[in-house]
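Fold and contact review
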Amino acid sequence: VFGGVPPPADATTAAASSSSPSSSSSSAATQPPMLVARSSFRKHLRKVASGIDSRRTLPIAISMLLVGSSVGIVTPVMPFVVENIGLSPGQYGGVVSAFALAKLVGNVPSAILVERHGRKPYLVNSLLLVSLGVGGIGLATQFEHLFVCRLFTGLGVAALSTAATMTMADISTPLNRASTMAPIMSAFAAGTAFGPALGGLMADRVGISETFFVVGGSYLGLTLVNNYLLVETKAKPMKFPWHKDGAAAAAASAEKETGPTMLEASKDAVRQWAPLMADARVRNTVAMNGLYWIALAGSQMTILPLMLTDPTGLALTATAVGKTYMGMSLVQVAGVPLMAKFVDSVGKPLAIVAGTGLITSSMAALPFCVDMYQMGGVLGVWALGSSILSTAPVSYISDVTTDKDRAQALALMRTAGDVGFLMGASGIGAVADLTGDLGSAMHASAGVLLTATGWFAVRQVLSKKVKGEL
């Protein structure tokens, strides 16, 4: 009983002394239940809700470690593919945008399918599309080939990221959501930490095309690993004795599983976005995520690799580029668990401002770096900001939405990110073509993110002020 007070000790003693030996066995069965104080119950509940279910997070972490390794191997090799084919920064931005375009198209169907069929099928089968896209890059000889390969990769990643995010939401609570996501992000970062060094060595020793063939094959192998390690986390509906059974229950279940057509479901999902966007917390975070990805796609995904390999600048080899990305990823490996505690303690909105602030300062400083020591320090700060943002936005959206709306809210946020990815990669790449200067394009990305960070911070302050007045 909440707020109950245990009976006085003397009353209990008196009752026990007045009982005869013959009634001792029956008195134990008729004793009143032990009363629990509200504060004790709440303390225990908070402790349970704050814990992390390692039994279920570990298999996903192992899977993401392998995914991150494959991603990391490819990262330092892509600039040399661009150089061999002879693409301009604008064309390379178009290739990067193809990935975002496919994710943009695939996000809503992925959210619907993951809710309909469960998480595990898409944690496994999505990797087949990724394998096809990555392996195909090894055969690409022109812009169109690369564009199509990135489309396949984007569709696969849309399904994979949706299933992984929903899995994390399934097994976490608002008190431990960022901390639950941290091992997954750390594992992915660990893979991307060691992958680039291996990818650079493979490109220099084995060859660029062969590197993509090996990575494409590794994704095929990962489908078997995921199928063996991962378990379904989607909650099953509760069944009670008075529910229908037999053939009628089977027919009803089949009808529910089939549901509406994909087109109808997609329209219904998009209609759900309107009430979600009515919530200022969701609306501000979704807009911030879109602006963040405009800046990130233009800088880290497009301009940074070209700056590192620019013959008139640092002119790094594939191995050196791999070591650079490995350093950034190592910072994230160490930083994500620590920053997750920071996110949970200071609050998600403040953490988002802190993370984007660190990345903005790094973008602004990067063009002024004249050697790898300066570059390494700036990229380390960048990676620290990325560590914060790896959990803060997703966990915040998960906190402020209900179980019913969470899948579509996360899909909405990812869609905004993909729109930003699409605009940023092509837009910032076009700035580099127009100015003929990679540094100016990097500063343009910094300007976008600085504006977004200031806007988001002001919105949070105004929101708290309005709540205080009410």
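Here is a short report on the structure shown in this document.

Now for the overall build of the protein. On a plain count of helices and strands, the protein comes out with 19 helices and 0 strands. Every one of the 470 residues in the protein was classed for burial, and the buried ones make up 46%. Counting only carbon and sulfur atoms, one obtains 67% of the accessible surface of the protein, whose full area is about 22,300 Å².

With phi around 50 degrees, Ala315 is a residue other than glycine that occupies positive phi space. With respect to the helices and strands, Ala315 occurs in the loop between helix H13 (280–309) and helix H14 (318–346). Owing to a relative accessible area of 40%, Ala315 belongs among the partly exposed residues under this scheme.

Now for H14. Here H14 spans 40 Å end to end across 29 residues, near enough to the 42 Å set by a 1.5 Å rise per residue. A bend of about 45 degrees at Gly335 is the largest found in H14, and the proline Pro337 appears one to four places after it. Following H14 by one or two positions, Gly347 has its phi on the positive side, about 105 degrees.

Take the side chain of Arg414 next. By secondary structure assignment, the location of Arg414 is in helix H18 (residues 403–435). Of the polar contacts made by the side chain of Arg414, one reaches the side chain of Thr162; its length is 3.1 Å. Those residues in contact with Arg414, other than ones at most four positions away along the chain, are Asn107, Ser161, Thr162, Thr165 and Ala407.

Assignment of secondary structure puts Val381 in helix H16 (residues 372–389). Overall, Val381 belongs to the partly exposed group, its relative accessible area being 33%.

Turning our eyes to something else, we now look at the pattern of salt bridges. In this structure the tally under the stated criterion is 8 salt bridges. Linking Asp279 and Arg281 is a salt bridge whose minimum nitrogen-to-oxygen distance equals 3.0 Å. Its relative accessible area of 22% is what places Asp279 among the partly exposed residues. Looking at Arg281, the relative accessible area reads 33%, which means it is partly exposed. Through salt bridges with shared partners, a single network forms among Glu115, Arg119 and Asp170.

Attention now moves to the nonpolar core. Within the largest apolar cluster, 102 residues are counted, with the highest numbers of intra-cluster contacts made by Phe212, Ile303, Met363, Leu366, Trp382 and Met442. The dominant element in this core, judged by the number of residues it contributes, is H13, at 12 residues. Filtering out sequence-adjacent residues up to four positions away, Met442 remains in contact with Ser299, Ile303, Leu304, Met307, Met363, Leu366, Pro367 and Trp382.

A word on the side chain of Ser362. You can see Ser362 is positioned in helix H15 (residues 348–365). A distance of 3.3 Å separates the side chain of Ser362 from the backbone oxygen of Val378, its partner in a polar contact. Within the local environment of Ser362, its side chain forms a polar contact with the backbone nitrogen of Trp382, the two atoms lying 3.2 Å apart.

Taken as a whole and assessed by the stated rule, the structure comprises 2 cavities of 30 Å³ or more. As a volume, the second largest cavity reaches approximately 50 Å³. Among the elements that make up the lining of the second largest cavity, the one with the highest residue count is helix H4 (residues 54–74) (3 residues). Considering only residue class, the lining of the second largest cavity consists of 5 nonpolar, 2 polar and 1 charged.

It is worth spelling out the packing of aromatic side chains at this point. Evaluated as defined, the whole model comprises 4 aromatic pairs. Plain terms: the ring middles of Phe143 and Phe147 are 5.9 Å apart, the flat faces sit at 45 degrees to each other, and that makes the pair tilted. Within this pair, Phe143 and its partner Phe147 are both found in helix H8 (residues 143–170), separated by 4 residues, close to a single helical turn. The rings of Phe99, Tyr292, Trp293 and Phe421 are connected pair by pair, giving a single aromatic cluster.

In this fold, Gly200 is placed in helix H9 (residues 177–205). Residue Gly200 is classed as buried on the basis of its relative accessible area, which comes to 0%. Sequence-distant contacts of Gly200, that is, excluding residues within four places in its chain, are made with Pro76, Ala318 and Thr319.

So, how was this worked out
- Residues numbered from 1 in each chain as written.
- Predicted model: local features only at pLDDT ≥ 70, side-chain atom pairs only at ≥ 80, totals over all residues.
- Heavy atoms only, no water.
- Helix = DSSP H or I, 4+ residues; strand = E, 2+ residues; numbered from the N terminus.
- Buried < 20%, exposed > 50% of the residue type's maximum accessible area, 1.4 Å probe, protein only.
- Areas by Shrake-Rupley, 256 points an atom, 1.4 Å probe, with all protein chains shown as cover.
- Expected span 1.5 Å × (residues − 1).
- Bend = angle between axes of the 7 residues up to and from the residue.
- Polar contact = N/O pair within 3.5 Å; in protein donor to acceptor, adjacent residues only side chain to side chain.
- Contact = heavy atoms within 4.5 Å.
- Salt bridge = Lys/Arg side-chain N within 4 Å of Asp/Glu carboxyl O.
- Core = buried A, V, L, I, M, F, W, Y, C linked by side-chain atoms within 4.5 Å.
- 1 Å grid on protein atoms, 1.4 Å probe; cavity = no way out; pocket = protein on both sides within 12 Å on 5 of 7 lines; lining within 4 Å.
- Points joined across faces, edges and corners; volume = space filled by probe spheres on them.
- Nonpolar A, V, L, I, M, F, W, Y, C, P; charged D, E, K, R; others polar.
- Phe/Tyr/Trp six-rings, centres within 6.5 Å; stacked < 30°, edge-to-face > 60°.

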